[in-house]
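Chain by chain, the residues:
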Amino acid sequence: MKAIIAREFAPLDKLEYGEWPEPEVKDHTVLIAAEAIGVNYPDGLLVQGLYQMKPPTPFVPGMEVAGIVHETGAKVKRFKVGDRVAALAMIGAYAEKVAVPESNVIPLPGGMAGSDACALMCTFGTAHHALKQRAQIKPGEVLCVLGAAGGTGIAAVQIGKTMGATVIAIASTPEKQSIAMDAGADHVAGYDDLRGTLKELTGGKGVDVAFDPVGGDAFDALTRSMAWNGRLLVIGFASGKIPQFPVNLALVKGYSVVGVFWGSFTAHEPAVFADNMKELMEWYAMGKVKPVIGGEYQLADAGKVLAQVLDRGAHGKLILKP
Ligand SMILES: NC(=O)c1ccc[n+]([C@@H]2O[C@H](COP(=O)([O-])OP(=O)(O)OC[C@H]3O[C@@H](n4cnc5c(N)ncnc54)[C@H](OP(=O)(O)O)[C@@H]3O)[C@@H](O)[C@H]2O)c1
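Residues numbered from 1 in each chain as written. Predicted model: local features only at pLDDT ≥ 70, side-chain atom pairs only at ≥ 80, totals over all residues.

1. Let's talk about the overall build of the chain
When helices and strands are counted, the chain shows 10 helices and 15 strands. Referenced to the eigenvectors of the C-alpha coordinate spread, the extents of the chain come out at roughly 60 × 40 × 35 Å. Across the 322 residues in the chain, those meeting the buried criterion constitute 49%. Restricting the contact set of the chain to residue pairs at least 6 apart, pairs at least 24 apart contribute 69%. (Helix = DSSP H or I, 4+ residues; strand = E, 2+ residues; numbered from the N terminus. Buried ≥ 20, exposed ≤ 12 C-beta atoms within 10 Å, placed from the backbone. Contact = placed C-beta atoms within 7 Å.)

Following this line, the structure appears as structure tokens:
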């Protein structure tokens, strides 16, 4: 089968599109023929050896897929050949077929686009887990989302609104700000004088919850813009700079800095993860969340697509098609 192959940890232009052995089907795995493959920022870090996890090389990257069940292991109970499904693979999804443990596979409701299903996994899954379990956000609270036209950012805007928050969306360009506004944000702004913007928009009170996939200087501004009992969610460092945190600020302002790691969450708390996916699917069916698909590309172009994501050139969710 055709796949994207990382022969070694290397720059994105070294990713190869070529032949790779079809995955072996084990007792509890489901072999899925891909219809849509989700592109995630961490995929671009993983293939360069810049991510927390370092799989043995060579490997096929890619963590999420939607498609048709091609074959099932002897002990698979919930799925049969021909079922339409989405799945979380961790790695191996940038390929025509991927084998996934049955526990990581969910059935797709009829009519749901494969690209939407992929978006609901890592990007919406991260924002949902962050706001629901980690921040325990309440209706009426003020949520600030950085990188608000990005994959996790748009999801945080939509989920924040669904959970009853007032959402301040921060994005770098007028185009990205308008995407965040279309996603339901109450206010949009750029990064210039972020501290002043948040002070003005909250009447000096600060934000109750901050969602930060960017890090760097923007994180520093957030550390000085939190309300009493606030929760500053550490999602990622798309700016390339992992910030340092002066802990006295948490003491003086009475707020928490809360780490979020969705991949680990799905492994540590599979039952809660399953409940979260069920809720996201329900919200999707009710039209409360609607992934924004920024583009669909050929699987062979994965390297260029990942470069676009890491270079700040994407909005919403990007999808690969085999
Ligand atoms: N903790 C978790 O479980 C988890 C899960 C998924 C992703 N992540 C991490 O979260 C981060 C964002 O993921 P994502 O899916 O939202 O990615 P994305 O779609 O690429 O969005 C990231 C946003 O960050 C902003 N940004 C600011 N400075 C940037 C820079 N120098 N280069 C690129 N982007 C920059 C961009 O918005 P503006 O141009 O508007 O600033 C961009 O839209 C990544 O670091 C990723 O690894 C963490």
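2. Some remarks on the domain arrangement of the chain
We note that the domain assignment places domain 1 (2-108 + 292-321) and domain 2 (123-263) within the chain. Look at where the C-alpha atoms of domain 1 and domain 2 centre, and you get two points 29 Å apart. Listed as interface residues are 6 residues of domain 1 and, on the opposing side, 10 residues of domain 2. Here the residues of the side of domain 1 that touches domain 2 sort into 2 nonpolar, 3 polar and 1 charged. (Domains from an automatic or database assignment. Nonpolar A, V, L, I, M, F, W, Y, C, P; charged D, E, K, R; others polar.)

3. With respect to the nonpolar core
Val65, Val145, Ala148 and Ala169 are the most contacted members of the largest nonpolar core, which totals 107 residues. Residue contributions to this core peak at 10 residues, all from helix α2 (residues 114-134). Residues lining this core come from more than one domain, with at least three contributed by each of domain 1 (2-108 + 292-321) and domain 2 (123-263). Ignoring anything within four residues of it in the chain, the contact list for Ala169 reads Val145, Ala148, Val157, Ala180, Ala185 and Val188. (Core = buried A, V, L, I, M, F, W, Y, C linked by C-beta atoms within 7 Å.)

4. Here's the deal with unusual backbone geometry
Look at the link from Thr57 to Pro58: it is a cis peptide, with omega at -5°. Examined against the element boundaries, Pro58 turns out to sit in the loop between α1 (41-46) and β4 (64-72). Not every positive phi belongs to a glycine, and Gln136 is a case in point at roughly 45°. Within the secondary structure layout, Gln136 lies in the loop between α2 and β8 (142-145). According to the C-beta neighbour criterion, Gln136 is exposed, with 12 such atoms within 10 Å.

5. A word on the sheet that holds strand β12 (residues 226-234)
Within the open sheet, the 6 strands sit side by side as β10-β9-β8-β11-β12-β13. Their pairing is parallel. Two strands close off the open sheet at either side, each with one partner strand: β10 (187-189) and β13 (256-259). The mean angle between the axes of side-by-side strands here comes to 20°, regardless of whether they run parallel or antiparallel. Bridge count for β8 against strand β9 (residues 166-170) is 4 bridges, and the pairing is parallel. Residue pairing in the sheet places Val142 in a bridge with Thr166 of β9. Helix α3 (residues 151-162) rests against β8, β9 and β11 (207-212) of the sheet, and its axis sits at about 170° to β8. (Pairing = 2+ DSSP bridges. Axes fitted to C-alpha atoms, helices over the stretch in contact; angles between N-to-C directions.)

6. Quick look at the site of the ligand
Near the ligand you find 31 residues, and of these Gly147, Gly150, Gly151, Ser172 and Gly236 are the closest. Residue assignment for the shell around the ligand shows that the elements contributing at least two residues are α1, α2, α3 and α8 (262-268). For the shell around the ligand, a count of residues per class yields 16 nonpolar, 13 polar and 2 charged. Taken together, domain 1 (2-108 + 292-321) and domain 2 (123-263) each give at least three residues to the shell around the ligand, which thus spans both. (Near = placed C-beta within 6 Å.)

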